[in-house]
Amino acid sequence: MADEALSAGTVARRLGVAVTTLRTWHQRYGLGPSRHVPGHHRRYTPGDLARLEIMRRLTAEGITPAEAAHWAKQSPGAEPRLHAGTGRDGGGQTIPVGRAGPVARGLARAAMRLDSAAISDTITDALARDGVVATWEGLLRPVLAGIGERHAATAGLIEVEHLVSRCVSEAFAAAARSGTATDPARILLSCADEEQHTLPLEALAAALAERGVAYRLLGARMPVAALTEAVNRTGPTAVVVWSHTRATADPGQLSALLGVPRRPLLVLAAGPGWRADTLPAGVVRPVDLSEAISLALAVRDSLDQSSGE
């Protein structure tokens, strides 16, 4: 094996890549054949093959080709260490993002590096390019879910979750401030009592602002008495109550909203904590962010039409 000289076709078959891919890696990143055989094309040595195997594996894990080539050209001991099949970066783990695209993988790597500037820039660029809903569904949810999955398996990544959450909150707040709502705030957004997961509610707020809809966001851990008082004082047309877990999804909170003197036209039980078969009559459970936005817009528009008649 030490004297074996391999053709491009042989190397491509061993790696499971196209010969054109090898040519690209050679031209762009300098990972080409290093052995010269007189009268023949240059051939790949076992060392070349080992570097290309690193390149193929790292790019398959979502690492950019340029970064993968950097590691591949180092000595074997300098390759990013793989732990229990979980990947690399920031302590030997990657954040799984499922079928999300390269932007999500880049965000996940920035998160593992605790690179707040890169995290914020990625989110801000996505919001400007794709809007709130697409950014939430296609970028942020996969990364946040991946962080949660790793935390459940390892009890780690708390620092990653906190940093990413702060960056997401700041980006949504900036997006909401750029909204152009001129009508009175008729949508009230609140977490359920003892519910601390606010990011989905902040995503909804930013999406409403993006559409010029005014709202009030009360935030996390809202006691029932305080929520009903807010409803009576502001008279919203729609109230959204977010629950992330079954532990915070007490249907009594929703029943209390239906019984206030200034009862809203629409009460939405948003989030995976709520069970459809326990909801009081008259409460709607949106399946996702887009449906919650559509319902809020529909009740606002119906009120505008009735007031204009």
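This one's a predicted model, so the numbers in the text were calculated from it and none came from an experiment.

Our next topic: the overall build of the chain. Of the regular secondary structure elements, the chain holds 12 helices and 5 strands. Partitioning the contacts of the chain with sequence separation of at least 6, the portion at a separation of at least 24 is 66%. A total accessible area of about 15,200 Å² is found for the chain, and carbon and sulfur atoms account for 51% of it.

Further remarks concern helix 4 (residues 65–72). Listing the buried residues of helix 4 in full gives Ala68, Ala69 and Ala72. Buried residues of helix 4 fall within an arc of 100 degrees about the axis and therefore sit on the same side.

Turning our attention to the pattern of salt bridges. In this structure the tally under the stated criterion is 9 salt bridges. For the salt bridge of Glu170 with Arg166, the shortest nitrogen-to-oxygen distance reads 2.8 Å. Highlighted residues: Glu170 and Arg166, both in helix 8 (residues 158–177), separated by 4 residues, approximately one helical turn.

Moving on: helix 10 (residues 224–234). Where helix 10 is concerned, the buried positions are Leu227, Thr228, Ala230 and Val231. One side of helix 10 carries all its buried residues, which in axial view fall inside an arc of 155 degrees. For helix 10, exposure combined with an orientation more than 90 degrees from the buried face picks out Ala225 and Arg233. Where helix 10 is buried, its residues touch strand 1 (187–191), strand 2 (215–219), strand 3 (238–242) and helix 11 (251–258). A positive phi of about 55 degrees marks Gly235, the residue just after helix 10.

Considered as a void within the structure, the largest pocket measures approximately 900 Å³ in volume. Together, 31 residues line the largest pocket, and Trp136, His197, Pro200, Trp242 and His244 are the ones closest to its centre. Top element by residues in the lining of the largest pocket is helix 7 (residues 132–154). It accounts for 8 residues. Along the lines of polarity and charge, the residues of the lining of the largest pocket split into 18 nonpolar, 8 polar and 5 charged.

Moving on, we get to the pairing of strand 2. Relative to strand 2, strand 1 runs parallel, the two sharing 4 bridges. From the neighbouring strand, Leu188 faces strand 2, where its bridge partner is Arg216. Where the polypeptide runs from strand 1 across helix 9 (residues 199–210) and back to strand 2, its parallel neighbour, the crossover connection is right-handed.

Attention now goes to the side chain of Thr135. With respect to the secondary-structure elements, Thr135 resides in helix 7. Engagement of the side chain of Thr135 in a polar contact is seen with the backbone nitrogen of Leu127, the distance being 3.5 Å. Contact partners of Thr135, with chain neighbours within four places excluded, come to Ala126, Leu127, Asp130 and Leu140.

With respect to topology, 5 strands assemble into an open sheet ordered 2-1-3-4-5, the strand pairing being parallel. Each end of this open sheet is capped by a strand with a single partner; those strands are strand 2 and strand 5 (283–284). For strand 4 (residues 266–270) and strand 5, the ladder comprises 2 bridges, and the chain directions are parallel. The partner of Leu268 across the bridge, within strand 5, is Val284.

Time to look at the packing of helix 6 (residues 116–130) against helix 7. Their axes nearest at 7 Å, the elements helix 6 and helix 7 cross at an angle of 130 degrees. By the angle between their axes, helix 6 is oblique relative to helix 7. Like other packed secondary-structure pairs, helix 6 and helix 7 cross with a definite hand, here right-handed. Touching Thr122, Ile123, Ala126, Leu127 and Asp130 of helix 6 are Val132, Ala134, Thr135, Leu139 and Leu140, all from helix 7. Counted by class, the contact of helix 6 with helix 7 contains 7 nonpolar, 2 polar and 1 charged residues.

Okay, the environment of Leu279 next. When you line up the elements, Leu279 lands in the loop between strand 4 and strand 5. In sequence terms Leu279 and Gly252 are 27 residues apart; their C-alpha atoms lie 8.9 Å from each other. Among all residues touching Leu279, those that are not within four sequence positions of it are Leu254, Ala269, Trp274 and Arg285.

Here the phi dihedral of Leu114 falls at roughly 60 degrees; this positive angle occurs in a residue that is not glycine. Mapped onto the secondary structure, Leu114 falls in the loop between helix 5 (102–112) and helix 6. Its identity as a non-glycine residue notwithstanding, Leu157 has a phi of 65 degrees, on the positive side. Tracing the backbone through its elements, the reader meets Leu157 in the loop between helix 7 and helix 8.

Relative to the helices and strands, Ser290 is located in helix 12 (residues 289–308). As for Ser290 and Ala207, which are separated by 83 residues in sequence, their C-alpha atoms are 9.0 Å apart.

All right, on to the packing of aromatic side chains then. For the structure on display, the rule yields 1 aromatic pair. Geometrically, the ring pair formed by Trp136 and Phe172 is tilted, given 6.1 Å between the ring centres and 50 degrees between the ring planes. In this pair, Trp136 is assigned in helix 7 and Phe172 in helix 8, connecting sequence segments 36 residues apart. No difference in accessibility class separates Trp136 from Phe172, as the two residues are buried.

Rules of the game
- Residues numbered from 1 in each chain as written.
- Predicted model: local features only at pLDDT ≥ 70, side-chain atom pairs only at ≥ 80, totals over all residues.
- Heavy atoms only, no water.
- Helix = DSSP H or I, 4+ residues; strand = E, 2+ residues; numbered from the N terminus.
- Contact = heavy atoms within 4.5 Å.
- Areas by Shrake-Rupley, 256 points an atom, 1.4 Å probe, with all protein chains shown as cover.
- Buried < 20%, exposed > 50% of the residue type's maximum accessible area, 1.4 Å probe, protein only.
- Arc of directions from axis to C-beta.
- Salt bridge = Lys/Arg side-chain N within 4 Å of Asp/Glu carboxyl O.
- 1 Å grid on protein atoms, 1.4 Å probe; cavity = no way out; pocket = protein on both sides within 12 Å on 5 of 7 lines; lining within 4 Å.
- Points joined across faces, edges and corners; volume = space filled by probe spheres on them.
- Nonpolar A, V, L, I, M, F, W, Y, C, P; charged D, E, K, R; others polar.
- Pairing = 2+ DSSP bridges.
- Right-handed = clockwise from strand over helix to strand, strands pointing away.
- Polar contact = N/O pair within 3.5 Å; in protein donor to acceptor, adjacent residues only side chain to side chain.
- Axes fitted to C-alpha atoms, helices over the stretch in contact; angles between N-to-C directions.
- Parallel < 35°, antiparallel > 145°, perpendicular 65-115°, else oblique.
- Left-handed = near helix turned anticlockwise from the far one by under 90°.
- Phe/Tyr/Trp six-rings, centres within 6.5 Å; stacked < 30°, edge-to-face > 60°.

Note that every value here comes from positions in space, so none of it alone points to a role or purpose.
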